[in-house]
Amino acid sequence: MTTVLITGAAGDIGRRLRGLLKGVYRHLRLSDMKMPADLAADEDFIKADLAELAEVERAVAGVDAIVHLGGFSVEGPWETILRANIVGCYHLFEAARRHGVKRIVFASSNHAVGFYPRNRRIGVDAPVRPDSRYGMSKAFGEALAALYAFKHGLRVLCIRIGHVIDAPVDRRRLSIWLKPEDLVRLVRIGLEHPDLRYEIFYGTSDNERGWWDNEAAFRYGYRPEGRGEDFRDVALAAEAKLPRDPVGDWYQGGPFCSDEYDGDLPH
Ligand code: 15L
């Protein structure tokens with residue numbers, strides 16, 4: 001693996017991965033709609049709007065693999081999600097196929113399955129239950145990835161990312177926290193594992209309160225080091241200051257579920 005493209009490089013996860021993957025692969029190419037504020041002189045950056053196929057092709061040409069973080073990373077208006085996450089994701093996979101890119105790590109999200117209740121443990125074979133237009137676009141990306149893997153021979157890992165941050169910030173995040181270094185472990189499986197064709201992993205650290213069966217990731221050698229429970233007191237103190245949310249507190253997706261919700265109260 002010599003050249004790896006990171007899309008969405010100006011975002012928070014992109015910034016962290018740029019630092020953590022430096023020196024792991026010979027060459028990192030970065031792409032986003034806007035230039036990262038702290039871009040160093042020796043970093044290779046190509047500006048690209050995912051909604052413009054020609055721009056995406058320019059970013060993708062000549063790379064061996066892609067970590068696709070690009071797109072809109074929270075809930076948004078339909079037009080925004082459509083352009084960045086549906087059309088944009090299609091352009092990314094299609095450009096990869098046209099340019100002979102062999103591997104893609106797709107940043108999916110826990111919000112593809114956010115409408116499972118917190119008292120239910122799920123694996124990757126549970127049908128998707130998106131909690132938002134954003135979550136639905138991630139489920140779309142996973143399906144698109146399967147098409148390109150099985151029809152066009154790409155090797156793809158979809159990571160349903162929980163919350164990437166230095167430490168969990170509330171009760172929900174104690175269950176879904178992903179330590180940045182553990183994200184790197186997952187990404188490296190996606191970019192390097194010889195047996196990988198198409199898989200979905202949960203992007204979570206070793207969280208005692210976790211909701212997800214991450215057996216698929218463990219089978220590929222994932223050994224997380226972050227332990228959410230080490231931060232329990234701080235996270236629960238922060239939780240105590242939050243207003244109660246009968247819908248969001250019930251479902252795994254939290255506020256993404258209660259936002260615009262007009263169903264019955266869960267019980
Ligand atoms: C996500 O998918 C978002 O990109 C991130 O900003 C967080 O909101 C995270 O989920 C979460 O569920 O906390």
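It should be emphasised that the depicted structure is a prediction, and the values quoted were computed from it without experimental measurement.

A. Representation of the pattern of salt bridges. A complete count under the given rule lists 24 salt bridges for this structure. When the shortest N-O distance is used, the salt bridge between Asp-166 and Arg-16 registers 2.9 Å. With Asp-166 in the loop between strand S7 (163-164) and helix H5 (171-176) and Arg-16 in helix H1 (residues 12-21), this residue pair connects regions lying 150 residues apart in the sequence. Classification of Asp-166 by relative accessible area gives exposed; the value is 53%. For Arg-16, a relative accessible area of 17% puts it in the buried group.

B. Expanded view of the site of the ligand. Close to the ligand lie Ser-73, Val-74, Ser-109, Asn-110, His-111, Tyr-134, Gly-162, His-163, Arg-172, Arg-173, Ile-176 and Phe-256, which account for all nearby residues. A distance of 2.6 Å separates an oxygen atom of the ligand from a polar atom in the backbone of Ser-73. Within the side chain of Ser-109, a nitrogen or oxygen atom sits 2.8 Å from an oxygen atom of the ligand. Taken by itself the ligand offers 320 Å² of open surface, and the protein chains cover 80% of this. Under a 2 Å grid-point criterion requiring more than half of the atoms, the pocket assigned to the ligand is the largest pocket. At three residues, the largest contribution of residues to the shell around the ligand is made by H5. Of the residues contributing to the shell around the ligand, the split by class is four nonpolar, six polar and two charged.

C. Fine view of the sheet that holds strand S4 (residues 65-68). A sheet is described by the order of its strands in space; here seven strands give the open sequence S3-S2-S1-S4-S5-S6-S9, paired in parallel fashion. In the strand order of this sheet, the two ends are held by strand S3 (44-47) and strand S9 (198-203), each with one partner. Mean inter-strand twist for the sheet, computed between neighbouring axes without regard to direction, equals 20 degrees.

D. Main features of the state of the cysteines. Throughout the structure, instances matching the rule amount to zero disulfides. The thiol sulfur of Cys-158 is not disulfide-bonded, and the nearest other cysteine sulfur, from Cys-89, lies at 8.5 Å.

E. Fine view of the layout of surface pockets. A volume near 960 Å³ is recorded for the largest pocket. Contributing to the lining of the largest pocket are 45 residues, with Leu-69, Gly-71, Phe-72, Ser-73 and Val-74 lying nearest its centre. Looking at the lining of the largest pocket residue by residue, the classes come out as 22 nonpolar, 15 polar and eight charged.

F. Seen up close, the packing of aromatic side chains. Taken as a whole and judged by the stated rule, the model has 11 aromatic pairs. Three or more aromatic residues joined by ring pairs form one cluster here, namely Phe-93, Phe-106 and Tyr-148.

G. Summary view of the pairing of S9. Within S9, six of the six residues are buried, which leaves the element mostly enclosed by the surrounding structure. Side chains Tyr-198, Ile-200 and Tyr-202 of S9 all project onto a buried face; the interleaved residues Glu-199, Phe-201 and Gly-203 project onto the opposite face, where all are buried too. Sheet analysis places strand S6 (residues 155-161) next to S9, joined by six bridges and oriented parallel. Following the sheet pairing, Ile-161 is matched in S9 by Gly-203.

H. Examining the nonpolar core more closely. Ile-6, Leu-17, Val-67 and Val-187 are the most contacted members of the largest nonpolar core, which has 31 residues in total. Those elements giving two or more residues to this core turn out to be strand S1 (3-7), H1, strand S2 (27-32), S4, strand S5 (103-109), S6, helix H6 (180-192) and helix H7 (215-219). Per-element tally for this core: the top contributor is H6, with six residues. Residues in contact with Val-187, not counting those within four places in the same chain, are Leu-17, Leu-21, Val-67, Val-105 and Ile-159. Within the second largest apolar cluster, 27 residues are counted, among which are Ala-48, Val-63, Cys-89 and Ala-96.

I. Geometry of the packing of H1 against H6. Taken N-terminus to C-terminus, the directions of H1 and H6 make an angle of 75 degrees; their axes are 10 Å apart at the nearest point. The angle between H1 and H6 places the two elements in the roughly perpendicular class. When H1 is examined against H6, the residues Ile-13, Arg-16, Leu-17, Leu-20 and Leu-21 are found in contact with a partner set consisting of Pro-180, Glu-181, Leu-183, Val-184, Val-187 and Arg-188. A class-by-class count of the residues in the contact of H1 with H6 yields eight nonpolar, no polar and three charged.

J. Focus on the environment of Gly-114. If you trace the backbone, Gly-114 turns up in the loop between S5 and helix H4 (133-152). In this structure Gly-114 comes out as buried when scored by relative accessible area, which is 1%. Along the primary structure Gly-114 and Met-136 are separated by 22 residues, whereas in three dimensions their C-alpha atoms are 9.9 Å apart. Setting aside residues up to four positions removed in sequence, Gly-114 forms contacts with Arg-129, Asp-131, Tyr-251, Gln-252, Gly-253 and Cys-257.

The rules behind these values
- Residues numbered from 1 in each chain as written.
- Predicted model: local features only at pLDDT ≥ 70, side-chain atom pairs only at ≥ 80, totals over all residues.
- Heavy atoms only, no water.
- Salt bridge = Lys/Arg side-chain N within 4 Å of Asp/Glu carboxyl O.
- Helix = DSSP H or I, 4+ residues; strand = E, 2+ residues; numbered from the N terminus.
- Buried < 20%, exposed > 50% of the residue type's maximum accessible area, 1.4 Å probe, protein only.
- Near = heavy atom within 4 Å.
- Polar contact = N/O pair within 3.5 Å; in protein donor to acceptor, adjacent residues only side chain to side chain.
- Areas by Shrake-Rupley, 256 points an atom, 1.4 Å probe, with all protein chains shown as cover.
- 1 Å grid on protein atoms, 1.4 Å probe; cavity = no way out; pocket = protein on both sides within 12 Å on 5 of 7 lines; lining within 4 Å.
- Sits in = over half its atoms within 2 Å of the grid points.
- Nonpolar A, V, L, I, M, F, W, Y, C, P; charged D, E, K, R; others polar.
- Pairing = 2+ DSSP bridges.
- Axes fitted to C-alpha atoms, helices over the stretch in contact; angles between N-to-C directions.
- Disulfide = S-S within 2.5 Å.
- Points joined across faces, edges and corners; volume = space filled by probe spheres on them.
- Phe/Tyr/Trp six-rings, centres within 6.5 Å; stacked < 30°, edge-to-face > 60°.
- Core = buried A, V, L, I, M, F, W, Y, C linked by side-chain atoms within 4.5 Å.
- Contact = heavy atoms within 4.5 Å.
- Parallel < 35°, antiparallel > 145°, perpendicular 65-115°, else oblique.

Interpretation in functional terms is not warranted from these geometric data alone.
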